[in-house]
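Chains, contacts and geometry: an overview
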Amino acid sequence: VAPSTLLPGQNGLYATRDIPPGVWIASYGKCKSVAGPHVQTEHGYMFPCRGTDVGGSGAQWVTPVAILQEDELAHAINHTCDEDKIDVELVNTSGDFEYNEEKGKWIEIEPIIVYVRSKRHVPSGNEIFGTYALHESVQCVCHRCKRIQT
C-alpha cells in the first residue's frame, strides 16, 4: 500500500511481484449484503460483486465488515472505469442466506467473503485497479469519469 499514481491524496495497492492472470491476490475479508447502491454503510462504501462456480451466484451489493486488516488489503485497490487500467475482478466465493418467516426477510447464515483475482498480467511495481461496475444510478467520481464530466 502506497500513494496512488492516479488519485492524489489516496493510497493504492501495488504488485510486489509479477502477477499472472487468474491468481487470487487479495481479500476484502468478511462482507455483509446491503440492499443496493444508495444504502448508508459504516465504512462509507459498498460495491457489487459477482458469484462464481466456486460458491455464490449472481451479483449482489456488499460492504466490508472491517477495513484494511493486515491480511485484507483489497480495500486499498482503487476503482476505475478505464478498461485499459482494470487489472482485477471482485468475486464473491461464499455466503449463504435463508428466508426467515418470522422476520419476513433473508438472513445471512454464512458470511460473504469477497476475493480479488487478476484478470491479466500485472507487472511488479504497478498499482492495481479494479472496477465496481457501478450501477447506472450511481454517479462515478473516478479519475476517468471526473475528466469526462468536466
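To start, this report covers the structure provided alongside it.

What counts, and where the lines are drawn
Residues numbered from 1 in each chain as written. Predicted model: local features only at pLDDT ≥ 70, side-chain atom pairs only at ≥ 80, totals over all residues. Heavy atoms only, no water. Helix = DSSP H or I, 4+ residues; strand = E, 2+ residues; numbered from the N terminus. Buried < 20%, exposed > 50% of the residue type's maximum accessible area, 1.4 Å probe, protein only. Areas by Shrake-Rupley, 256 points an atom, 1.4 Å probe, with all protein chains shown as cover. Pairing = 2+ DSSP bridges. Salt bridge = Lys/Arg side-chain N within 4 Å of Asp/Glu carboxyl O. Phe/Tyr/Trp six-rings, centres within 6.5 Å; stacked < 30°, edge-to-face > 60°. Core = buried A, V, L, I, M, F, W, Y, C linked by side-chain atoms within 4.5 Å. Contact = heavy atoms within 4.5 Å.

Digging into the overall build of the protein chain
- A tally of regular secondary structure across the protein chain gives one helix and eleven strands.
- Counting only residues that meet the buried cut, the protein chain has 41% of its 150 residues in that class.
- Counting only carbon and sulfur atoms, one obtains 49% of the accessible surface of the protein chain, whose full area is about 8800 Å².

A word on the pairing of strand 10 (residues 112-118)
- Counting buried residues along strand 10, six of its seven residues qualify, which places the element largely inside the surrounding structure.
- Where strand 3 (residues 24-33) and strand 10 come together, six bridges link them in antiparallel fashion. Following the sheet pairing, Trp-24 is matched in strand 10 by Arg-117.
- Where strand 7 (residues 88-92) lies against strand 10, five bridges are found, and the strand directions are antiparallel. Each bridged residue has a counterpart across the sheet, and for Val-91 the counterpart in strand 10 is Tyr-115.

Some words on the pattern of salt bridges
- According to the stated counting rule, one finds two salt bridges in the structure shown.
- Between Asp-87 and Arg-120 there is a salt bridge, with the nearest N and O atoms lying 3.1 Å from each other. Placement of the pair is Asp-87 in the loop between strand 6 (78-79) and strand 7 and Arg-120 in the loop between strand 10 and strand 11 (129-130), with a sequence separation of 33 residues.
- Note that Glu-89 is salt-bridged to Arg-117, the shortest N-O span being 2.9 Å. Here Glu-89 is found in strand 7, whereas its partner Arg-117 is found in strand 10, with 28 residues between them in sequence.

Some details on the packing of aromatic side chains
- One pass over the full model with this rule turns up one aromatic pair.
- Relative to Tyr-115, the ring of Trp-24 has its centre 6.1 Å away and its plane inclined at 75°; by these criteria the two rings are edge-to-face. One end of the pair, Trp-24, is in strand 3; the other, Tyr-115, is in strand 10, and 91 residues separate them in sequence.
- Of the residues examined, Trp-24 reaches a relative accessible area of 39% and is grouped as partly exposed.
- Of the residues examined, Tyr-115 reaches a relative accessible area of 31% and is grouped as partly exposed.

Here we look at the nonpolar core
- Tyr-28, Phe-47, Leu-90, Val-114, Val-116 and Ile-128 are the most contacted members of the largest nonpolar core, which has 21 residues in total.
- Those elements that place two or more of their residues in this core are strand 3, strand 4 (47-51), strand 7 and strand 10.
- When sequence neighbours within four positions are dropped, the list of residues in contact with Phe-47 reads Tyr-28, Gln-60, Trp-61, Val-62, Pro-64, Leu-90, Val-114 and Tyr-132.

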